[in-house]
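# Working through the structure, step by step
Okay, here's what each chain looks like letter by letter:
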Amino acid sequence: MRASDKAYAALRDDIIEWRLLPGTVLAEVEQSERLGISRTPLREALSRLTAEGLTTTGGRGVVVTDISLDDIDELFELRETLEGRAAALAAERGEPATFEQLRRELLKAPDLIGGPDPALHDYYALVGRLDTAIDAAISNAYLVQAMRSLRVHLVRVRRLAADDAARLTAAAAEHAAIAEAIAAGNPRLAEAATTLHLHRSLSHVKATHTPQQREHHG
């Protein structure tokens, strides 16, 4: 992996996971020393982060961007457009057996979420497999790239919301409904199931988004 790619991946993860909080100045000398790279590849990495909207350049230098409630509304408007269309295309073009298997696994997801030691990483990996299956099914590189760019910001948003078991269990059922509609080859139902899931996700994020949670996730 090139030094700039390594720096980009490390900084991107730190921003997404709220280890680098909004407003943090990414000073070149400090970050190059922390990451063990020279300043040229660091600048390349910072340019990529700025292009993705994770950082911005101003008078103070390169700064980690904030996510406001207005930003969240706009992200979900775009998400509904892209993911709804993708689910419909997957229903038309996807392999039913793939999505039927995902449906069965998603219906068992409450076992991962509940209990004294929830396996949330495994649950999110399962949801990621549904995303990957949809990406593969739609055979549209431009739409896939647009959704991947959007997902970077959505992970940041998810970290702001309370990951309570009740919401995750409901979300698993919503994902299962999306997989079921795609497996059935029903584009309108797949799009509607996606719209319902996004509506409920947005309501949950806005209801649980508080400034104090930044400290928790930092």
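Criteria and cut-off values
- What you see as residue numbers is a count from 1 along each chain, following the sequence as written.
- Reporting of local features is limited, given that this is a predicted model, to residues whose pLDDT is at least 70; pairs of side-chain atoms are given and counted only at 80 or more, and all residues count toward the totals for whole chains, interfaces and linings.
- The side-chain quantities take in all heavy atoms of the structure and omit both hydrogens and water.
- We count a stretch as a helix when DSSP gives it H or I for four or more residues in a row; a strand needs E for two or more, and each element gets its number in order from the N terminus.
- Atoms counted for the radius of gyration: C-alpha only. Globule rule: 2.2 Å times residue count to the power 0.38.
- A 1.4 Å probe rolled over the protein chains alone gives each residue an accessible area, and that area as a share of the maximum for its type sets the label: buried under 20%, exposed over 50%, partly exposed in between.
- For the accessible areas, the method is Shrake-Rupley and the probe is 1.4 Å, while residue cover comes only from the protein chains on display.
- Neither His nor the chain ends is counted toward charge; the positive residues are Lys and Arg and the negative residues Asp and Glu.
- To locate a charge, take atom NZ for lysine, CZ for arginine, CG for aspartate or CD for glutamate.
- Values of pLDDT, which run from 0 to 100, indicate the predictor's confidence residue by residue.
- Whether two residues are in contact is decided by their heavy atoms: any pair within 4.5 Å suffices.
- Each pair of aromatic rings taken from Phe, Tyr and Trp, with Trp reduced to its six-membered ring, is defined by centres within 6.5 Å and is described as stacked if the planes are under 30 degrees apart, edge-to-face if over 60, and tilted in the remaining cases.
- Sitting over a ring, as applied to charges here, requires NZ of Lys or CZ of Arg to be within 6 Å of the ring centre and within 35 degrees of the ring normal.
- Each reported salt bridge corresponds to a side-chain nitrogen of Lys or Arg within 4 Å of a carboxyl oxygen of Asp or Glu.
- Given the number of residues in a helix, its expected span is that number minus one, multiplied by 1.5 Å.
- Any two strands with at least two DSSP bridges between them are considered paired.
- We define a nonpolar core as any set of buried Ala, Val, Leu, Ile, Met, Phe, Trp, Tyr and Cys residues linked to one another through side-chain atoms lying within 4.5 Å.
- The directions from the helix axis to the C-beta atoms form the arc being described.

## Digging into the overall build of the protein
Counting its regular elements, the protein contains 11 helices and two strands. The N-to-C order of helical and strand elements in the protein reads α-α-α-β-β-α-α-α-α-α-α-α-α. At 19 Å, the protein has a C-alpha radius of gyration in line with the 17 Å of a compact globule built from 218 residues. In the protein, buried positions account for 42% of the 218 residues. Element-wise, carbon and sulfur atoms account for 53% of the exposed surface of the protein, whose accessible area totals about 11300 Å². With 26 positive and 32 negative side-chain charges, the protein shows a spacing of 3 Å between the two charge centroids.

## Examining the confidence of the model for the protein
A residue-level look at the protein finds 95% of positions with pLDDT of 70 or above and a mean pLDDT of 90. When the elements of the protein are averaged for pLDDT, helix α11 (residues 212-217) gives the smallest value, 43, and helix α5 (residues 96-107) the largest, 98. Under a pLDDT of 50 for its full length, residues 212-218 has, in the predicted model, 18 contacts with residues more than four places off or in other chains.

## A closer look at the packing of aromatic side chains
Summed over the entire model, instances satisfying the criterion amount to one aromatic pair. Taking 5.4 Å as the distance between ring centres and 55° as the angle between the ring planes, the aromatic pair formed by Y123 and Y124 counts as tilted. By relative accessible area, Y123 is classed as buried at 2%. The class for Y124 is buried, based on a relative accessible area of 18%. Taking NZ or CZ as reference, R48 lies 3.8 Å from the ring centre of Y8, over its face. In this arrangement the basic side chain of R156 is found over the ring face of W18, its NZ or CZ atom lying 5.2 Å from the centre.

## Things to note about the pattern of salt bridges
For the coordinates displayed, the defined rule picks out 17 salt bridges. The partner of R34 in a salt bridge is D14, with the nearest N and O atoms 3.1 Å apart. Placement of R34 in helix α2 (residues 28-35) and of D14 in helix α1 (residues 3-16) is noted, with a sequence separation of 20 residues between them. Residue R151 pairs with D131 through a salt bridge whose shortest N-O separation is 3.9 Å. Linking R151 in helix α8 (residues 141-160) with D131 in helix α7 (residues 120-138), this pair joins segments that are 20 residues apart in sequence. Given a relative accessible area of 23%, D131 falls into the partly exposed group.

## Here's the deal with α1
Look at α1: 20 Å from first C-alpha to last across 14 residues, which is about the 20 Å you get at 1.5 Å a residue. When we look at burial in α1, the residues that qualify are S4, A7, Y8, L11, D14, I15 and I16. Summarising the contacts, the buried residues of α1 are in contact with α2, α3 (39-52), β1 (55-58), β2 (61-64) and α8.

## Things to note about the pairing of β1
When β1 meets β2, the two strands line up antiparallel, connected through four bridges. Directly across from T55, in β2, lies its bridge partner V64. Between β1 and β2, which pair antiparallel and follow one another directly, the connecting turn spans two residues.

## Quick notes on the nonpolar core
By size, the foremost hydrophobic cluster in this structure holds 45 residues, and its most contacted members are F99, Y123, I134, I138 and I182. Among the secondary structure elements, those contributing two or more residues to this core are α4 (69-93), α5, α7, α8, α9 (165-183) and α10 (187-208). Other than its neighbours up to four places away in sequence, I138 contacts A86, L89, A90, R93, L143, V144 and M147. Of all hydrophobic cores here, the second largest spans 16 residues; its members include A7, I15, I16 and A45.

## Examining the environment of L130
Position of L130 relative to the elements: it lies in helix α7. As for L130 and I178, which are separated by 48 residues in sequence, their C-alpha atoms are 9.3 Å apart.

## Quick notes on α10
Compared with an ideal rise of 1.5 Å per residue, which puts 22 residues at 32 Å, α10 spans 32 Å between its outermost C-alpha atoms and is within 8% of the ideal. Taken together, the buried positions of α10 are occupied by A190, A193, T194, H197, L198, S201, L202, H204, V205 and T208. One face of α10 carries all of its buried residues, which in axial projection span an arc of 170°. Of the exposed residues in α10, those oriented more than 90 degrees away from the buried face are R188, H199 and A207.

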